[in-house]
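Residues per chain are reported as follows:
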Protein chains: 2
Amino acid sequence: MGRAIEFIELSEALRRLVDEVSIDIGGEVVDVQDAVGRYVFRDYTSNTDLPPFNRSAVDGVAARFSDVAGASEGSPVLLKLVGSIDVDSSSAISVGRSEAVLVSTGALIPSGADVVIPIEYCLLSGNLVYIYKTYPKYANISLRGEDLKVGEVIVRRGTKLRPWHIAALASSGYSEVEVFRKLRVAVINTGDEILRGVVPNTTYYVVASYVREVGGEVVFSKVVPDSVSEIAEALRKALEVSDVVVVTGGTSVGFRDVAPDAVLKLESSREVFRGVRIRPGRTASAYVVKGKPVLLISGLPVAAYISLDLFLTQILRKAYGTTLETRLTITGTLARKLPNELGFRSFYRVIACRDKDRGEVIIIPLRLTGSGIISTLIKANAILEIPEDLEGYEEGSKVEVSLINQLEDCSSVPLSDAEPYPKPMVKP
Amino acid sequence: MGRAIEFIELSEALRRLVDEVSIDIGGEVVDVQDAVGRYVFRDYTSNTDLPPFNRSAVDGVAARFSDVAGASEGSPVLLKLVGSIDVDSSSAISVGRSEAVLVSTGALIPSGADVVIPIEYCLLSGNLVYIYKTYPKYANISLRGEDLKVGEVIVRRGTKLRPWHIAALASSGYSEVEVFRKLRVAVINTGDEILRGVVPNTTYYVVASYVREVGGEVVFSKVVPDSVSEIAEALRKALEVSDVVVVTGGTSVGFRDVAPDAVLKLESSREVFRGVRIRPGRTASAYVVKGKPVLLISGLPVAAYISLDLFLTQILRKAYGTTLETRLTITGTLARKLPNELGFRSFYRVIACRDKDRGEVIIIPLRLTGSGIISTLIKANAILEIPEDLEGYEEGSKVEVSLINQLEDCSSVPLSDAEPYPKPMVKP
C-alpha cells in the first residue's frame, strides 16, 4: 500500500508551482516569417513611423480644405488639376489655392493639401476637376505615424505571435525576432504492463501530443518498469536533456508507489506538492530536481490530460512570463444532476450545445466511468469544473464550462450521449 | 481608371466559392505522433475493444454482488481472500461464493466477480477481508468495449486531430495515420512601390503567416511590378507548384487594374466573382485557372487579412470537406455608434472586454482610418460585422462579435483606445 498522501487543494497546488518552481528556457532568433505561433522573448517597439508619410487612404483628389468646404451635388467646386501622384512616385508637386492633384490609395499627400475627396465624388474634365462633396479637414488622409509611432510597443514579451504581429514586426524592419525556445519535455511512462505490451501506451500519446499542441517538443521518452531504481535512472537521463520531466503512472497505481520514491532518491530533489484534491487525477505530484520541475501524473489518459492542462500549463505560463491563452468559457443549462465529493474539485467531460428551439446552451455531461475512458474526451467539447465547496449541481443549474472544442448544435449530438447512464454506473 | 466592378454580396461570393471551386489536395501518411493539429484524411474506426477486458476502475476487492449486498459500516460482510490480481497479471483466478480477490486499478476482473469495493471500505485481516460498504452491481468495473467498441468511429474525415484523438488512434493500434497534405499556397505581391522599396511588403507577411496558422505552407512567393504580362508570367509559375494562388494588390489600386487582366489572360481562366460588397476589401475577386482557385485580394494588410479569413478559409473548408474550427462569438454592449453603408457588409476591429463593475461585456470599436492600419489589428481582439441591410448600430446596442484573441478585462484597455476618434476622422 502506498504511503498516506497529504492532499492539498488545487489552488494551493497552482500557487506552489508559481512560487516554488523557476524555469528559464531562454530565447532563440528565428526569421520573422517562421515566428507565427511562437511566444516572443522580449518587447518589440516600432523602428519607424507607420505610415512613414501622410498618405491617401483612397483613390481621389487631394486639395485644400478651405477650397472644397461647402462643395455639394448642387453646387460643385471647380479646381485646377496640377498633377497626379501614384503610390510609388515620390513627387514634389504641391497644391496651391484652387488647385488639386490626383492621388491613388497609398500615395504621398502633396504639400498644401489637407483633404482628399474620393474619386466617385469628382468629375474630371481635361485639366479641371469638379468636386461634388465636402469632407472634414484631413479626411481620407492617413497621417504619418498614426498607425505606429517610432518607439511604440508592437508586441510585449510572452505574446503568442499572430499574423498581424508578424506584419507589424516586418513593417517596422525586423527581419528576425527572438522567441522563446520551445519547451523541452521528457516523458517517462512507468508500468510493467506497458513494457510487457499488456496495455497500449495511450498516455504517452496524450502527453506527447499535448506538449506539441502547446508549442513544446518531446526530447526524451522511455517506458520503464515499476522499479524505483530504474525510474530514478531514467529521471537522471531525462533531466540532462530537458526543461521539464513528466512521469506517468507509478503513483498509487495498484499497490505500488514507486515514482515518488524514485524522485526523492535523486540528489537535490524537493517536493512541491504530493496529491491534489482533484477528480480525476488526485495522485498528481510535483517536485523540483536540480532546479527543474518534475511532474508525476496519472497513467490513465483522461486524468493525465486534465493534470497536464492544469500543471504543465502553469509551468508554461511561468516559463513565458505571461498569461497563456485561456480557454473560452460558455454558460449553459445543465441537463442532468452531477455529484461532487466535498473538498475535491471535479472535472467532468461534457457536451455544450446550442439548442435553437429553446434559445439556450445545454450542457450534457458524458457518462463517467473512469479516468481511463478516452472516448469521453473524443465526444466532449467542454470541461465542467465543480468547486471543492459544492456537493454538486442540480439538473437545470446554470453552469459555466470551458470549451476544448467547437460548440455544437444540439440536434447533432447523438442521443446515446445525451441519455443518462445507459448501463450500470461505475462511479457513484 | 479600372473597369466598372460588379459587386456582389458576401453570401453570394461564399456560395460561388463552394459551388464553383473544387480543390483536391490529397492525403499523406504520417506517424501518429506527428499528426496532432493536422486534418485527418479518412474516417478511422477502432480495431479493438477498449478496454480489451473487464477491468477494475479502482484499487479494491473484487467480489460477487450477491455476497456484498447490504454490507455497511455497522454490519460488514466477511469474505475469504483467494488471491490478488495486479494490472499486469493475466491471472486465471476466479471468485466463488463468499470469496474475494484483491485487484489494482486496471487489473482484469476475475471470473465470477461482478462488483469491486474500493480498498478504503475494506479491512484486510490475514486471508480474510471485511467489506464495509455496498455498491451497485458492476460498480467500479470498466466493461470490455465500454470505451470504444470494435468498429466504432474514432475520428471522422476532416477532424483536426487533438491529443485525445491521437491517444485513441494509438490505443486502437494505428501507428500511422493519413492526414490531408498541407495546402500549398503561392503568394504574388504586386506593386512597383514594393519592388522599389518605397513601402515595406507588409501584406506578404500577413498572407504567409495566415497560411501557416491555418496549417498550410507557402511554396512560392514573388513580388512583381504592376504589369499584366509580368503578373501573368508569375501566375503561370505559381500554378505549377501550388494548390491556391493569392495575389495581393493590382486591383483598383490607384488607376490600375492589372491583376484581373493578368488572370483573364491565362488559358482556361474563369471568373468566380469580381468585387464583393464588403468593407474593407471590396476589390476581392476569385478566379479558377486550370482548375485551381486564384484569389485577388487587397494589398492593404487589414483588408487582406479580412479577405483571407473569409475566402481562403472557405477554400480550406472545401478542401478538407468539413467545417473548420469556427471562431467563438460573444455578445456585448456597443460603446459607440458605428455607421454602415447600406448594401455593404462592414468589418470593424473592436476590443471586447469584460466590465466587472457593470457585469457585462463592452464592445469598443477602434478608431478606423484605413485598411492599411495594422495597429488596429494588434489592439483588437474581435471583429464586429455589420450586415448589408443595416445603416449601422447605435451606441448601447447589443452586438455579437467574433473573437480573434483573448477576451480582455476592461480595466486593462488603454483609455486612448476607448476614446472616440482622437483626430479628424477619415472614413465618414
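So, a few notes on the structure that sits alongside this text. (Residues numbered from 1 in each chain as written. Chains lettered and ligands numbered in written order. Predicted model: local features only at pLDDT ≥ 70, side-chain atom pairs only at ≥ 80, totals over all residues. Heavy atoms only, no water.)

A word on helix 3 (residues 163-171) of chain B. For helix 3 of chain B, the tally of buried residues reaches 9 of 9 residues, placing the bulk of the element in the interior. Where helix 3 of chain B is concerned, the buried positions are Pro163, Trp164, His165, Ile166, Ala167, Ala168, Leu169, Ala170 and Ser171 of chain B. Buried positions along helix 3 of chain B lie against helix 5 (202-213), helix 8 (301-320) and helix 9 (374-379) of chain A together with strand 2 (44-45), strand 11 (153-155) and strand 12 (176-180) of chain B. One or two residues past the end of helix 3 of chain B sits glycine 173 of chain B, with phi positive at roughly 90 degrees. (Buried < 20%, exposed > 50% of the residue type's maximum accessible area, 1.4 Å probe, protein only. Helix = DSSP H or I, 4+ residues; strand = E, 2+ residues; numbered from the N terminus. Contact = heavy atoms within 4.5 Å.)

The next point concerns the sheet that holds strand 14 (residues 217-224) of chain B. Residues and elements named next belong to chain B. Strands sit in the order 14-13-15-19-18-16 across an open sheet of 6 strands; the sheet is mixed. Where the open sheet ends on each side, the last strands, each with one partner, are strand 14 and strand 16 (269-274). Neighbour-to-neighbour, the strand axes of the sheet open up by a mean angle of 20 degrees, direction not taken into account. With 5 bridges joining them, strand 18 (residues 285-289) and strand 19 (residues 292-297) adopt antiparallel strand pairing. Among the inter-strand pairings, tyrosine 287 is bridged to a residue of strand 19, identified as valine 294. The sheet strands contacting helix 6 (residues 228-241) are strand 13 (184-190), strand 14, strand 15 (244-248), strand 18 and strand 19, and the helix crosses strand 14 at an angle near 170 degrees. Relative to strand 19, helix 8 (residues 301-320) is tilted by about 165 degrees, and along the sheet it contacts strand 15, strand 16 and strand 19. (Pairing = 2+ DSSP bridges. Axes fitted to C-alpha atoms, helices over the stretch in contact; angles between N-to-C directions.)

On to the pattern of salt bridges. Counted under the stated rule, the structure contains 40 salt bridges over all chains. A salt bridge links glutamate 394 of chain A to lysine 337 of chain A; its shortest N-O distance comes to 3.4 Å. Residue glutamate 394 of chain A is found in the loop between strand 25 (392-393) and strand 26 (398-403), and its partner lysine 337 of chain A is found in the loop between strand 20 (329-334) and strand 21 (338-339); the two are separated by 57 residues along the sequence. By relative accessible area, which is 49% here, glutamate 394 of chain A ends up partly exposed. Glutamate 341 of chain B is the salt-bridge partner of arginine 279 of chain B, the closest N and O atoms lying 2.3 Å from each other. (Salt bridge = Lys/Arg side-chain N within 4 Å of Asp/Glu carboxyl O.)

Moving on to unusual backbone geometry. Excluding glycine, residues mostly have negative phi values, and the peptide bonds linking residues are mostly trans. A cis amide bond links arginine 279 of chain A with the next residue in sequence, proline 280 of chain A, at an omega value of -5 degrees. Assignment of secondary structure puts proline 280 of chain A in the loop between strand 17 (278-279) and strand 18 (285-289). Backbone geometry at serine 98 of chain A places phi at a positive 60 degrees, although glycine is not the residue there. A relative accessible area of 36% means that serine 98 of chain A is categorised as partly exposed. Non-glycine residue tyrosine 138 of chain B carries a positive phi angle of around 70 degrees.

The strands that make up a sheet are held in pairs by hydrogen bonds between backbone atoms, and each pair lies either parallel or antiparallel. Residue and element names in this part refer to chain A. Spatially, 7-4-6-5-9-8 is the arrangement adopted by the 6 strands of the open sheet, whose pairing is mixed. Among the strands making up the open sheet, the edge pair consists of strand 7 (115-118) and strand 8 (122-125). Sheet twist, expressed as the average angle between the axes of neighbouring strands with direction ignored, equals 35 degrees. Examined bridge by bridge, strand 4 (residues 60-63) and strand 6 (residues 99-103) share 3 bridges and lie antiparallel to one another.

Residues and elements named next belong to chain A. A full pass over the atoms with the stated rule returns 2 disulfides over all chains. Covalent S-S linkage joins cysteine 353 and cysteine 410, the inter-sulfur distance amounting to 2.1 Å. Sign of the S-S torsion, about 90 degrees for the bond between cysteine 353 and cysteine 410, identifies this disulfide as right-handed. Of this pair, cysteine 353 sits in strand 22 (residues 345-355) while cysteine 410 sits in the loop between strand 27 (408-409) and helix 10 (415-418); the two residues are 57 residues apart in sequence, bridging distant segments of the chain. (Disulfide = S-S within 2.5 Å.)

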